[in-house]
Amino acid sequence: MDDASKRSALRDAAEAVGFVHLHVHTSFSLREGALSIGKLADFAKADKMPALAVTDTNNLFGALEFSEKLAKEGVQPIIGCHLTVDFGDGKRLAARADDPAAGRGSVVLLAQNEQGYSHLMRLASRAWLEPEPGDTPHVTLERLAENAHGLIALTGGPSGAVDLLLADGRIADAQERMDVLQGLFPGRLYVELQRHGAPQEGRTEPHLLDLAHARGLPLVATNEPFFAARSDYEAHDALLCISDGSVMSADGRRHVTPEHRFKTRAEMREIFADLPEALANTVEIAMRCSYRPRTRAPILPRFTAADGAPLDEEAELRRQAREGLAARLAFHGPAPGLSLTDYEERLEFELGIIVKMKFPG
């Protein structure tokens, strides 16, 4: 198929599908998401969605369950993550010197292929393992650069690395971060637009459009749902208060809008009717993503002897266990009321279970 045919096929698919959700939080976005994976599967099936992405905050806890349930319903699962990145520019941007979060912002990463999913797993793990104790989950820009292949990046919406600076009037700094992301994800970076009615979205959208136009970057429309319906808004607002240790009457606390609910494709087409290319690009991204994780048997090691020959794992397990028991009994002796035979019989019982379950390795 030549390029013209590919473009024609993409236009036809975009017109038929209309919109694909690419920035969705489930209840695995801990203390901020209130959508179950089962509910998402029901929504996708009811709206005849051909594809749907999950992008929980700094984790992939629900990735396998999401993949299996969506595929069972005939919906293409797209695995992603809403990841916090430290861009290393905090000292220059911070209002105070001791603000470690000044250089941080989020990006949305979507796995295109198996390599991308492997990199996504590594990034999500590093976000929790590498920060200093007491710090919040995040990865460094260097770590993101090491694991960028196989991933599509969205600029992240209002909490994104670029949007946060635009909302604060730091246009030049936002341009620098956009340059960094464009360098890390050549041909795989999309400028994300959201329209939930929040004031920040209205302030930043003109700048995002300008940045995208100046750099030749594609736009993508997203909805960022945290809950199912408008009727869930107050309960979700209370969840955010609990998460932040705040009260609903507090000024300046974190909150979202009632429109951060899960919307249908028709609703999203209406919201972004003036930017059809941003809708079409959601379908393009879904078509660029071709991997999902699957349930598989545990991958256990296979041992070899010192000379490299295959090892009889059952025999080796029994040998080491019996020798270990003999050494412990020789040093400690049996407990009061128990004989050597009691220990030996118990060991054989336990070994039998391990062998029966085929876990001697």
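Going by the structure above, here's the rest.
Residues numbered from 1 in each chain as written. Predicted model: local features only at pLDDT ≥ 70, side-chain atom pairs only at ≥ 80, totals over all residues. Heavy atoms only, no water.

Undergrad: Even after reading the chapter, I still don't get helix α9 (residues 199–215), so can you show me in this structure?
TA: For α9, spanning 17 residues, the distance from its first C-alpha to its last is 25 Å, which sits close to the expected 24 Å at 1.5 Å a residue. The largest bend in α9 amounts to roughly 35° and is located at Glu205, with the proline Pro206 lying one to four residues further along. Restricting attention to buried positions, one finds in α9 the residues Glu201, Thr204, Glu205, Leu208, Leu211 and Ala212. Just downstream of α9, Gly216 is the residue with a positive phi angle, here 70°. (Helix = DSSP H or I, 4+ residues; strand = E, 2+ residues; numbered from the N terminus. Expected span 1.5 Å × (residues − 1). Bend = angle between axes of the 7 residues up to and from the residue. Buried < 20%, exposed > 50% of the residue type's maximum accessible area, 1.4 Å probe, protein only.)

Undergrad: Is there a simple way to explain the packing of helix α2 (residues 37–46) against helix α3 (residues 63–72) in this structure?
TA: The axes of two packed helices give the description: the angle between them and the distance between them. Where α2 meets α3, the axes come as close as 10 Å, and the angle between the chain directions of the two elements is 30°. On the basis of their axis angle, the class for α2 and α3 is roughly parallel. Seen along the crossing, α2 lies across α3 with a hand that is right-handed. Of the residues in α3, those touching α2 at Ile37, Gly38, Leu40, Ala41 and Ala44 are Glu65, Phe66, Lys69 and Leu70. Considering only residue class, the contact of α2 with α3 consists of 6 nonpolar, 1 polar and 2 charged. (Axes fitted to C-alpha atoms, helices over the stretch in contact; angles between N-to-C directions. Parallel < 35°, antiparallel > 145°, perpendicular 65-115°, else oblique. Left-handed = near helix turned anticlockwise from the far one by under 90°. Contact = heavy atoms within 4.5 Å. Nonpolar A, V, L, I, M, F, W, Y, C, P; charged D, E, K, R; others polar.)

Undergrad: It is not clear to me how the packing of aromatic side chains should be interpreted in this structure. Could you clarify?
TA: Aromatic ring pairs are reported here in terms of the distance separating the ring centres and the angle at which the planes meet. Per the counting criterion, the structure on display carries 3 aromatic pairs. Geometrically, the ring pair formed by Phe43 and Phe262 is stacked, given 5.2 Å between the ring centres and 10° between the ring planes. Taken as a pair, Phe43 in helix α2 and Phe262 in the loop between α10 (233–244) and α11 (265–271) lie far apart in primary sequence, 219 residues in all. A relative accessible area of 7% means that Phe262 is categorised as buried. Both rings, one in Phe227 and one in Tyr233, keep their centres 6.2 Å apart while their planes meet at 55°; by these two values the pair is tilted. (Phe/Tyr/Trp six-rings, centres within 6.5 Å; stacked < 30°, edge-to-face > 60°.)

Undergrad: Explain the layout of surface pockets here, please?
TA: To locate leftover empty space, one rolls a probe as large as a water molecule over the atoms. Roughly 1,600 Å³ of internal volume is contained in the largest pocket. Looking at the lining of the largest pocket, the elements that each hand over two or more residues are β2 (76–86), β3 (104–111), α7 (163–167), α9 and α10. A breakdown of the residues in the lining of the largest pocket according to their chemical character gives 16 nonpolar, 20 polar and 12 charged. If you add up the space inside the second largest pocket, you get close to 290 Å³. Secondary structure elements with two or more residues in the lining of the second largest pocket: α3 and α5 (114–129). Broken down by element, the lining of the second largest pocket gets its largest block of residues, 4 residues, from α5. The residue inventory of the lining of the second largest pocket, partitioned by class, reads 7 nonpolar, 2 polar and 3 charged. (1 Å grid on protein atoms, 1.4 Å probe; cavity = no way out; pocket = protein on both sides within 12 Å on 5 of 7 lines; lining within 4 Å. Points joined across faces, edges and corners; volume = space filled by probe spheres on them.)

Undergrad: Is there a simple way to think about the pairing of strand β6 (residues 189–194) in this case?
TA: Counting buried residues in β6 gives 6 out of 6 residues, a clear majority hidden from the surface. With burial as the criterion, each face of β6 is covered, one bearing Leu189, Val191 and Leu193 and the other bearing Tyr190, Glu192 and Gln194. Here strand β5 (residues 151–154) pairs with β6 via 2 bridges, running parallel. Among the inter-strand pairings, Ala153 is bridged to a residue of β6, identified as Leu189. (Pairing = 2+ DSSP bridges.)

Undergrad: Whenever I open this one, the packing of helix α8 (residues 171–184) against α9 confuses me. Can you help?
TA: At their nearest, the axes of α8 and α9 sit 11 Å apart, and the two run at 45° to each other. The orientation of α8 with respect to α9, classified from their angle, is oblique. Viewed along their axes, α8 and α9 form a crossing whose handedness is right-handed. Mapping the contact onto sequence places Ile171, Gln175, Met178, Asp179 and Gln182 in α8 and His207, Leu211 and Arg215 in α9. Its residues assigned to classes, the contact of α8 with α9 shows 3 nonpolar, 3 polar and 2 charged.

Undergrad: What is the right way to read empty space enclosed by the protein from this model?
TA: Tallying each qualifying case throughout the model produces 2 cavities of 30 Å³ or more. Considering only enclosed or pocket space, the largest cavity measures out at about 60 Å³ in volume. Those elements that place two or more of their residues in the lining of the largest cavity are β6 and α9. Counting residues per element, the lining of the largest cavity draws most heavily on α9, at 4 residues. Of the residues contributing to the lining of the largest cavity, the split by class is 3 nonpolar, 3 polar and 4 charged. There is about 40 Å³ of room inside the second largest cavity. Every residue lining the second largest cavity is listed: Val54, Asp56, Asn59, Leu60, Phe61, Gly62, Ala63 and Gly80. Among the residues forming the lining of the second largest cavity, the class breakdown is 4 nonpolar, 3 polar and 1 charged.

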